[in-house]
Structure formats: structure tokens, C-alpha cells
Amino acid sequence: MSDLDLLTQSLARNVKHWRAVRGFTLDVLAARAGVSRGMLIQIEQARTNPSLGTVVKIGDALGISITTLLDYEQGPKVRVVPAEQAVRLWHTDAGSYNRLLAGTEAPGPLEMWDWRLMPGEHSSSDPHPVGTVELVHVTAGELTLTVDGTEYRVPAGASAAFEANAPHTYGNAGAVPMEMVMAVSVPPVP
């Protein structure tokens, strides 16, 4: 079985599980996540590989991390994730990518990401739930961070923190690859 098949099956199992834990019907989760009921059915039946944006929306609506949605089982109190097991959720032909390095529930989802954006590329994100906070630390190049229409430059060695309940975009307007580490904290579902 391929890694993609394992991720698809884990996602199906975990969306069903957490939807039941939260007491959400398919219609309720679809409305909260802003995805179609049909898409949720396909995900829960492991018949599709949804986009990263769809997985993020479902995790946000359930109040759990992407790590929890993709995990097969909960690990011990300390969980070491070897470099080769970091999950790359998207990439471009030019060489941009992001990798989910680790995540946990604390009490809401808490995730740590490794990002690389090649010159001229960007990645946009829909608003996350109110109370979501993102921290970024740029290790190479310069990040062009746009939050709710305002642009901020974050050079190598600098960090930024922001409330992520507004549209935001990570971009690289420079001539060299931009690399950063990002942490995302999402509040638990009430």
C-alpha cells in the first residue's frame, strides 16, 4: 500500500471519528468547513485525495490539527518524527513546498511546518477560526507576508506572529528561495 493510500485511509477514518466525537452530521460539518457534503462523503469513503486547503478547512471545523486527521493512532507522550516521515502536503514544479513536521492537540491543534517558496511563488490561505495564531521564522531569503491586504517583509533571521483569522498569503518576491519554519495554534472547538 502506498503512502498516499495510507494517508487517504487515515484521513477517512479520522474525519469519521472526529465528526462523531463532535456530534456533527455531514451537513453540519460541510457547513462549518465550507466544503460540499459530497466531498465529505468521498473523503470518509477514502475515494478522493482532497486538496491541502480542504483538509485545513475540515481540521479547523473539527477543531483538530492536520496531524491528528492524518495520524493512524495516537502515540506516546513523546513522539519523535524522523525527517523522512515529515508529510509534504503540496509542492510546485519550481521547487516550492511545505512539510508538516509535527503536530499535537494542546488543547487545540498545534502544528509545526517547514516551508520553501521559490522566487516569484506564493501560497494563499483562507481565514482560520477566530483565535488562530501563526508564528513564522524565516531562515533564508525574505518572506512577503500579506495579512488582510497589508504586506509585511520578514527577512532571514526575523520572525513574525499574527492572528490568522483573516485572509493571508506567504510570498517570495525576492531572487533567492525563501525558507521558514511556521507554527500554527488553533483554538479547540467549543
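Everything here concerns the structure above.
Residues numbered from 1 in each chain as written. Predicted model: local features only at pLDDT ≥ 70, side-chain atom pairs only at ≥ 80, totals over all residues. Heavy atoms only, no water.

**Q** How should unusual backbone geometry be read in this particular structure?
**A** Negative phi characterises most residues that are not glycine, and trans characterises most peptide bonds. One non-glycine residue, Ala46, adopts positive backbone phi at about 55 degrees. Summarising the element assignment, Ala46 is placed in the loop between α3 (37-44) and α4 (52-62). What makes Ala46 partly exposed here is its relative accessible area of 30%. The backbone of Asp148 sits at a positive phi, close to 50 degrees, despite the residue not being glycine. Following the sequence through the fold, Asp148 ends up in the loop between β6 (142-147) and β7 (150-155). (Helix = DSSP H or I, 4+ residues; strand = E, 2+ residues; numbered from the N terminus. Buried < 20%, exposed > 50% of the residue type's maximum accessible area, 1.4 Å probe, protein only.)

**Q** Looking at this structure, how should I read the packing of aromatic side chains?
**A** Taken as a whole and judged by the stated rule, the model has two aromatic pairs. Taken together, a centroid distance of 4.8 Å and an interplanar angle of 55 degrees make the contact between Trp115 and Tyr170 tilted. Of the two residues, Trp115 sits in strand β3 (residues 109-117) while Tyr170 sits in strand β9 (residues 168-171), which places them 55 residues apart along the sequence. On the basis of relative accessible area, Tyr170 is assigned to the buried category, the value being 3%. Cluster of aromatic residues (ring-pair linked, three or more members): Trp90, Trp115 and Tyr170. (Phe/Tyr/Trp six-rings, centres within 6.5 Å; stacked < 30°, edge-to-face > 60°.)

**Q** Can you help me understand the pattern of salt bridges in this one?
**A** For side chains of opposite charge, pairing can occur when their charged atoms come near one another. Scanning the entire structure with this criterion turns up seven salt bridges. Here Asp27 ties to Arg37 by a salt bridge, and the two come within 3.0 Å at their closest N and O atoms. One end of the pair, Asp27, is in helix α2 (residues 26-33); the other, Arg37, is in helix α3, and 10 residues separate them in sequence. (Salt bridge = Lys/Arg side-chain N within 4 Å of Asp/Glu carboxyl O.)

**Q** Would you mind going over α3 with me for this structure?
**A** Structurally, the α-helix is built with 3.6 residues per turn, so residues lying three or four positions apart point the same way. Taken together, the buried positions of α3 are occupied by Leu40, Ile43 and Glu44. Down the axis, α3 shows its buried residues gathered within 95 degrees of arc, on one side only. Immediately beyond the C-terminal end of α3, within one or two residues, lies Ala46, with a positive phi of roughly 55 degrees. (Arc of directions from axis to C-beta.)

**Q** Mind showing me how you'd approach the packing of α2 against α4 here?
**A** As a packed pair, α2 and α4 sit with axes 8 Å apart at the nearest point and diverge in direction by 110 degrees. Relative to α4, the element α2 lies roughly perpendicular. Judged by the sense of rotation from one axis to the other, the crossing of α2 with α4 is right-handed. Only Lys57, Ile58, Ala61 and Leu62 of α4 make contact with α2, whose side of the interface consists of Leu29, Arg32 and Ala33. Among the residues forming the contact of α2 with α4, the class breakdown is five nonpolar, no polar and two charged. (Axes fitted to C-alpha atoms, helices over the stretch in contact; angles between N-to-C directions. Parallel < 35°, antiparallel > 145°, perpendicular 65-115°, else oblique. Left-handed = near helix turned anticlockwise from the far one by under 90°. Contact = heavy atoms within 4.5 Å. Nonpolar A, V, L, I, M, F, W, Y, C, P; charged D, E, K, R; others polar.)

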